[in-house]
Every structure is written in C-alpha cells, then in structure tokens.
Amino acid sequence: LLAVIFVIGGFAGWVFASAKSSTAGTATSTTTATTLDTAREAVVAKVKPGVVEVYVTLAKGAALGSGVIIDSRGYIVTNNHVVSGALSIQVLLSNGTREPAQLTGTDAADDLAVLQIAVPQGGLSVATLGNSAQLQVGQAVMAIGNPLGDTETVTNGIVSALKRNVSEGPGGATIQNAIQTDAAINPGNSGGALVDLQGNVVGIPTLTAIDPEFNTPANGVGFAIPSNRVKSVVTQLISTGSSS
C-alpha cells in the first residue's frame, strides 16, 4: 500500500512540476513576443517619418517608388531605376505634404540616385544609415516603403543571406554584395528602407527575384543594397553629382 501511495504521489508531483514548467515556458514565450512587438513598433515610429513616396512623371506615363531622407538639408536616397527618364519628380512626405524634387545625381551601376527637396518649416525626419557589415544571417529586419502605391507599408522578415551578386536583368545594374531578405518587397518598395530592430537603415530594397518557371516574382526572395555601399555612393553624389 505504501509503495502504491508513493508511486501515485510521485506521479502527481511530476504532473504538477510539468504543468508549472509549461506555464513558465508559456509566460516566457509571451514576454519575448511582447518585447519583440514593442521593439518593432518603436522602430516603425522612428523610421517611418523618414521614408517618402517618390512619384515620377515620364514621357509616357508615370512611375512610383520610395525614398529615404538621409540628410537634414533635404537629400533623399532612392533607386536609379525609380527616377530614370523622369521629366519631373515629386516627393510625398509622411505628413501628407507633397514637394517637388530635384535630381542631385545618379549612379546607374549601383542603382542609386539622390534627390533634394526644399526643407519645410519644422525640418525633416532624417533616417540613420547603419553598418551593414555587422548584419548576421537570421537577424530580424523590416522593409518600409510604398508597395503598389500603398503608402507607409511595413513588412517583416529576416536576413536570409549576405553578399549576393544580383543582376537586375538585361541592361540593368548588377548589385554587389546585396542583402537577401524574406521581408516582402513589391513594386513601389524600391528605394525604401530595410531596417534592423535598432531603427537603423541597413539596406535599400531594390528588387525581387523572378521565378523563371512562371516569370513571376518569387515570394520571400528580395534583395537590398547594403547601407555601407549606400553611404559611400551618396556622399559622392551629393558632392559631385557622380560616383566616378
């Protein structure tokens, strides 16, 4: 009888301990998720005011992309393919203000361009360019831009790979050491911000891989120009209008 009681008691104790452990694990998981959500929300609040919509008038039609304010003097970085062939360029700020933009310089080889707008009263929200050399595969990132014209859209993902050399197709640029990410990148995201959870812009989203079987964008395979390359090119474009 004592042996039976001991076994039953031991089983009850094991069940209690398991339940307690499970509860603790659930609480820890919930806390971690909440902390991650809070971090994402803080990043969006910090970076989104510095991401703009770029509207381009062409000889035939128009084009839409994104841009990132990187200097308090009104300088904005975007992709060269967003503004290529532009007759006029306008920028829509996060507060809804639309400003005419001048093309400061372009670098077709790196698919980068710099615009400038007049600084409005009250100044501009400037994004911080981070150090892309510190990125790790698996690190959480977010893409902020205007996919398909849906302004200030945020998508979430990770760094899927680093140092990819990616061609934009016939006549297009070849992006060196590109960041691969599974954060959704769609037409209109080009020129926007790929950010880490500290709120630093670590890349400029540029293109999505094409599935050759169906000739459609491949889900979860997007690429961004690393921020360290952006810093180097932008500095030259602002100074001379050229990166050569």
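Residues numbered from 1 in each chain as written. Predicted model: local features only at pLDDT ≥ 70, side-chain atom pairs only at ≥ 80, totals over all residues. Heavy atoms only, no water.

### Observations regarding the sheet that holds strand β4 (residues 88–92)
Piece 1. Spatially, the 6 strands close up into a barrel ordered β1-β2-β3-β6-β5-β4, and their pairing is antiparallel. Within the sheet, the average angular offset between the axes of one strand and its neighbour, ignoring direction, is 40°.
Piece 2. Bridge count between strand β1 (residues 51–57) and strand β2 (residues 62–71): 7 bridges; the pairing is antiparallel. From the neighbouring strand, Glu 53 faces β2, where its bridge partner is Ser 66. (Pairing = 2+ DSSP bridges. Helix = DSSP H or I, 4+ residues; strand = E, 2+ residues; numbered from the N terminus. Axes fitted to C-alpha atoms, helices over the stretch in contact; angles between N-to-C directions.)

### Considerations on the confidence of the model for the protein chain
Piece 1. Overall, the predicted model of the protein chain reaches an average pLDDT of 88, with 86% of residues at or above 70.
Piece 2. This stretch, residues 1–17, has a pLDDT under 50; its non-local contacts, to residues over four places away or in other chains, come to 0 contacts. (pLDDT = per-residue confidence, 0-100. Contact = heavy atoms within 4.5 Å.)

### Re the pattern of salt bridges
Piece 1. Per the counting criterion, the structure on display carries 3 salt bridges.
Piece 2. For Asp 37, the salt bridge goes to Arg 40, with nearest N and O atoms at 3.2 Å. Here Asp 37 and its partner Arg 40 are both found in helix α1 (residues 2–47), 3 residues apart, which amounts to about one turn of the helix. (Salt bridge = Lys/Arg side-chain N within 4 Å of Asp/Glu carboxyl O.)

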